[in-house]
Amino acid sequence: MEAATAAAASSSKRQRRAPAAPPLGADEHAARVARVAAAQDGLEEISNEVSTRILELERDANVRRAPLYATRREALGALPQFWATALANHPVCAAFVSERDQEILEYLTDLRVDEQEDITSGYRITLTFGANPFFANETLHKELRFSDDDGDTSEASTIAWKAGEAPSADGGAGADGGGGGGGDGGGGKRSHDDLVAEAPPPAPTFLLALLSTGDDAHADFLDEEADALCDAIKDELWPNPLRYYELGVELSAGAES
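Residues numbered from 1 in each chain as written. Predicted model: local features only at pLDDT ≥ 70, side-chain atom pairs only at ≥ 80, totals over all residues. Heavy atoms only, no water.

As for the pairing of strand 2 (residues 122–129)
Most of strand 2 sits out of view: seven of its eight residues are buried. Sheet topology note: the strand 1 (residues 108–115)/strand 2 ladder contains seven bridges and is antiparallel. Counterpart to leucine 111 in the pairing with strand 2 is leucine 127. Connecting the antiparallel pair strand 1 and strand 2 is a turn made up of six residues, with isoleucine 119 showing a positive phi of about 75°. When strand 2 meets strand 3 (residues 139–145), the two strands line up antiparallel, connected through seven bridges. Its bridge partner lying in strand 3, tyrosine 123 is registered against leucine 144. (Buried < 20%, exposed > 50% of the residue type's maximum accessible area, 1.4 Å probe, protein only. Helix = DSSP H or I, 4+ residues; strand = E, 2+ residues; numbered from the N terminus. Pairing = 2+ DSSP bridges.)

Written out as structure tokens, the structure is:
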């Protein structure tokens, strides 16, 4: 009796299954796939057209923005420490700004981003400094280039540090270059003040990250982070730096009150 009931239940389940679709012939299968592919090609054509139009609009917008950027640059020159304040209050940039950077950025007078004319092949970030005790460069730049054929590459200024201002390659090694003997050449011990005077300055991590090109002494820890920093400057800080400057002013006013 139980066996008969189980057989009946199994038969009922088989009866409720949807009938299998009849197999397609090779020609019919190819025709149906071709129909889907034709629709997909049409969708991609529209997407490509949209992308082309967006690039055209961006190029036109950059031409229209140029005189306004010039006006903004002139107006920003009347605000002391504008770019140093804006950088220090941008969440990505601030993560790189060390005390050493803060000292250097006091002399930053201008920051600008210039995109390649075709928009897609790269951009250049340029920092302009007033005369300062740290390095001789009037400007420092980082240029990023994007290519489907050659891959992404970058090129940057080399900082011409003034005497005694260059950080060590490892961020804190001694400046005497000694190879383990540790002596002063005459067998005497150096005083603590002498050692401090010979120690190189701490590393300006913001500048080193910005100018990293993947093949310098600091590239081992500033590779992907450098790209993120550059993108943050181009996509967030540069379009509206006043937003981050005003944040810093508000915080300063709140602290004073």
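From this point, the narrative continues.
Observations regarding the pattern of salt bridges
Close approach of charged atoms allows side chains of opposite charge to pair. According to the stated counting rule, one finds 13 salt bridges in the structure shown. Between glutamate 28 and arginine 32 there is a salt bridge whose closest N-O contact spans 2.8 Å. With a gap of four residues between them, glutamate 28 and arginine 32 both fall in helix 2 (residues 26–76), about one helical turn apart. Linking arginine 100 and glutamate 165 is a salt bridge whose minimum nitrogen-to-oxygen distance equals 2.4 Å. Taken together, the positions of arginine 100 in helix 5 (residues 99–105) and glutamate 165 in the loop between strand 4 (153–156) and helix 6 (192–198) put the pair 65 residues apart, joining distant regions of the chain. Where salt bridges share partners, they join Arg124, Glu143, Arg145 and Glu155 into one cluster. (Salt bridge = Lys/Arg side-chain N within 4 Å of Asp/Glu carboxyl O.)

Quick word on the packing of aromatic side chains
By convention here, two paired aromatic rings are described through the distance between centres and the angle between planes. One pass over the structure, following the stated rule, counts seven aromatic pairs. With a centroid separation of 4.7 Å and 35° between ring planes, the pair formed by tyrosine 69 and tryptophan 238 is classed as tilted. With tyrosine 69 in helix 2 and tryptophan 238 in the loop between helix 8 (224–237) and helix 9 (241–256), this pair connects stretches of sequence that are 169 residues apart. Classification of tyrosine 69 by relative accessible area gives partly exposed; the value is 21%. On the basis of relative accessibility, which here comes to 7%, the residue tryptophan 238 falls in the buried class. (Phe/Tyr/Trp six-rings, centres within 6.5 Å; stacked < 30°, edge-to-face > 60°.)

Here we look at helix 3 (residues 82–89)
Of all eight residues in helix 3, six are buried, a share of seventy percent or more. Taken as a whole, helix 3 has its buried residues at Phe82, Trp83, Ala84, Ala86, Leu87 and Asn89.

A closer look at the environment of glutamate 74
Counting through the fold element by element, glutamate 74 comes out in helix 2. Its relative accessible area of 66% is what places glutamate 74 among the exposed residues. Residues glutamate 74 and aspartate 110, spaced 36 residues apart in sequence, show a C-alpha to C-alpha distance of 9.7 Å.

Description of the side chain of histidine 141
Position of histidine 141 relative to the elements: it lies in strand 3. Judged by relative accessible area, which is 13%, histidine 141 ranks as buried. Separated by 2.8 Å, the side chains of histidine 141 and serine 157 make a polar contact. Contact partners of histidine 141, with chain neighbours within four places excluded, come to Arg124, Ile125, Thr126, Glu155, Ala156, Ser157 and Leu211. (Polar contact = N/O pair within 3.5 Å; in protein donor to acceptor, adjacent residues only side chain to side chain. Contact = heavy atoms within 4.5 Å.)

Quick look at unusual backbone geometry
Residue glutamine 81 is not a glycine yet carries a positive backbone phi of 60°. Counting through the fold element by element, glutamine 81 comes out in the loop between helix 2 and helix 3. By relative accessible area, which is 34% here, glutamine 81 ends up partly exposed.

Looking at helix 8
Here helix 8 is 14 residues long and its end C-alpha atoms lie 19 Å apart, about the 20 Å a rise of 1.5 Å per residue gives. Taken as a whole, helix 8 has its buried residues at Ala226, Leu229, Cys230, Ala232, Ile233, Lys234 and Leu237. (Expected span 1.5 Å × (residues − 1).)

Details of the confidence of the model for the chain
In the predicted model, the chain carries a mean pLDDT of 81, and 71% of its residues have values of at least 70. Below pLDDT 50 for its whole length, residues 170–197 participates in eleven contacts with residues either more than four positions away or in separate chains. (pLDDT = per-residue confidence, 0-100.)

What about the nonpolar core?
Core analysis: the largest hydrophobic core is formed by 36 residues, its most contacted members being Leu111, Leu127, Phe129, Phe206, Leu207, Leu210 and Ile233. For this core, the elements supplying multiple residues, two or more each, are helix 3, helix 5, strand 1, strand 2, strand 3, helix 7 (205–211), helix 8 and helix 9. (Core = buried A, V, L, I, M, F, W, Y, C linked by side-chain atoms within 4.5 Å.)

Some points on a negative patch on the surface
A surface patch of negative charge is lined by Asp148, Asp149, Asp150, Asp152, Glu224, Glu225, Asp227 and Asp231. Considering the arrangement of structural elements, one finds glutamate 225 in helix 8. (Patch = residues over 30% accessible without salt bridge, like charges linked within 9 Å, V, L, I, M, F, W, Y side chains within 5 Å. Areas by Shrake-Rupley, 256 points an atom, 1.4 Å probe, with all protein chains shown as cover. Lys, Arg positive; Asp, Glu negative; His and termini not counted. Charge placed at Lys NZ, Arg CZ, Asp CG, Glu CD.)

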